[in-house]
Amino acid sequence: MRSRYVAYTQANIDYIAATHDEATRGELDLDIARRWAEGSDWLGLEIVSTEAGQPDDEQGFVEFKASYRVDGKRQLHHEVSEFVKRDGVWFYHDGKPPKITQVVKGEPKVGRNDPCPCGSGKKYKKCCAA
């Protein structure tokens with residue numbers, strides 16, 4: 001993963017193609033990748049998480065965030081990359097956006113006119129919400 005990021009920072013598209021899985025390499029547009037790499041000011045790579053991808057595994061996943069600037073505007077590429085091992089060598093297979101998880105509060109929201117949960121006997125808007 002890190003080596004592919006460095007390849008993008010150096011616009012080394014030959015390396016990007018060589019480390020792309022043959023099964024999905026046809027989906028890679030080298031001209032677009034080159035323009036993106038050359039037109040970006042690369043700012044950093046953050047590995048968010050990894051799953052599998054150990055020496056005994058045949059598949060692994062890396063969630064990452066790559067920061068870059070294009071035309072003076074900061075951008076963020078956030079992806080979960082799938083890697084596969086072919087004859088002992090790891091190749092990038094595919095990338096997908098990360099799953100978005102919705103946070104649900106455990107308790108219902110206190111309304112402005114509800115009794116204050118502190119037990120004062122006042123309305124919430126006249127007590128703790130004030």
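Residues numbered from 1 in each chain as written. Predicted model: local features only at pLDDT ≥ 70, side-chain atom pairs only at ≥ 80, totals over all residues. Heavy atoms only, no water.

Considering the overall build of the protein
Definition in use: Starting at the N terminus, helices and strands are each numbered in turn, a helix being any DSSP run of H or I of at least four residues and a strand any DSSP run of E of at least two. Only C-alpha atoms enter the radius of gyration; for comparison, a globular chain is expected to reach 2.2 Å times N to the power 0.38, where N is the number of residues. Only protein chains enter the calculation, and the probe is 1.4 Å; a residue is then buried if its accessible area is under 20% of its type maximum, exposed if over 50%, and partly exposed in between. In this analysis, two residues are considered to be in contact whenever any of their non-hydrogen atoms come within 4.5 Å of each other. Only the protein chains shown count as covering a residue, and every accessible area follows the Shrake-Rupley method with a 1.4 Å probe. Here Asp and Glu are counted as negative and Lys and Arg as positive; His is not counted, and neither are the chain ends. A charged residue contributes its charge at one atom only: NZ of Lys, CZ of Arg, CG of Asp or CD of Glu.
Counting secondary structure elements, the protein contains 3 helices and 4 strands. Each helix and strand of the protein, ordered N terminal to C terminal, gives the series α-α-α-β-β-β-β. Compactness check: the protein gives a C-alpha radius of gyration of 23 Å against a globular reference of 14 Å for 130 residues, more than 25% above the reference. Taken along the three principal axes of its C-alpha coordinates, the protein extends 70 × 40 × 20 Å. Of all 130 residues assigned to the protein, the portion counted as buried reaches 26%. For the protein, restricting intrachain contacts to residue pairs at least 6 apart in sequence, the fraction spanning at least 24 positions comes to 37%. Within the structure as shown, the protein displays about 9300 Å² of accessible surface, and the carbon and sulfur contribution to it stands at 48%. Each charge class in the protein can be summarised by its mean position, and for the 20 positive and 21 negative side chains these summaries are 17 Å apart.

So, the pattern of salt bridges
Our working rule: Salt bridge, as applied in this entry: a Lys or Arg side-chain nitrogen positioned within 4 Å of an Asp or Glu carboxyl oxygen.
Inspection of every chain in the model, using the stated rule, returns 2 salt bridges. Here Asp 21 makes a salt bridge to Arg 86, at a shortest N to O gap of 2.8 Å. With Asp 21 in the loop between helix 2 (13–18) and helix 3 (30–38) and Arg 86 in strand 3 (residues 73–86), this pair connects stretches of sequence that are 65 residues apart.

Details of the state of the cysteines
Keep this limit in mind: Criterion for a disulfide: a pair of cysteine sulfur atoms within 2.5 Å.
Using the criterion set out here, one finds 0 disulfides in the structure. Counting only cysteine sulfurs, Cys 118 is the nearest neighbor of Cys 127, a cysteine outside any disulfide, at a range of 3.6 Å. In this structure Cys 128 is not part of a disulfide, and its nearest cysteine sulfur, from Cys 116, lies 3.5 Å away.

A few points about helix 1 (residues 2–9)
Convention followed: Within this analysis, the arc is defined by the directions that extend from the helix axis to the C-beta atoms.
Along helix 1, the residues that are buried comprise Arg 4, Tyr 5, Ala 7 and Tyr 8. On an axial view of helix 1, the arc spanned by its buried residues comes to 160 degrees, and they lie on one face. At its buried positions, helix 1 is contacted by helix 2, helix 3, strand 1 (41–52), strand 2 (59–70), strand 3 and strand 4 (89–96). Phi for Ala 11, located one or two positions after helix 1, is positive at around 55 degrees.

Geometric values such as these leave the question of function open.
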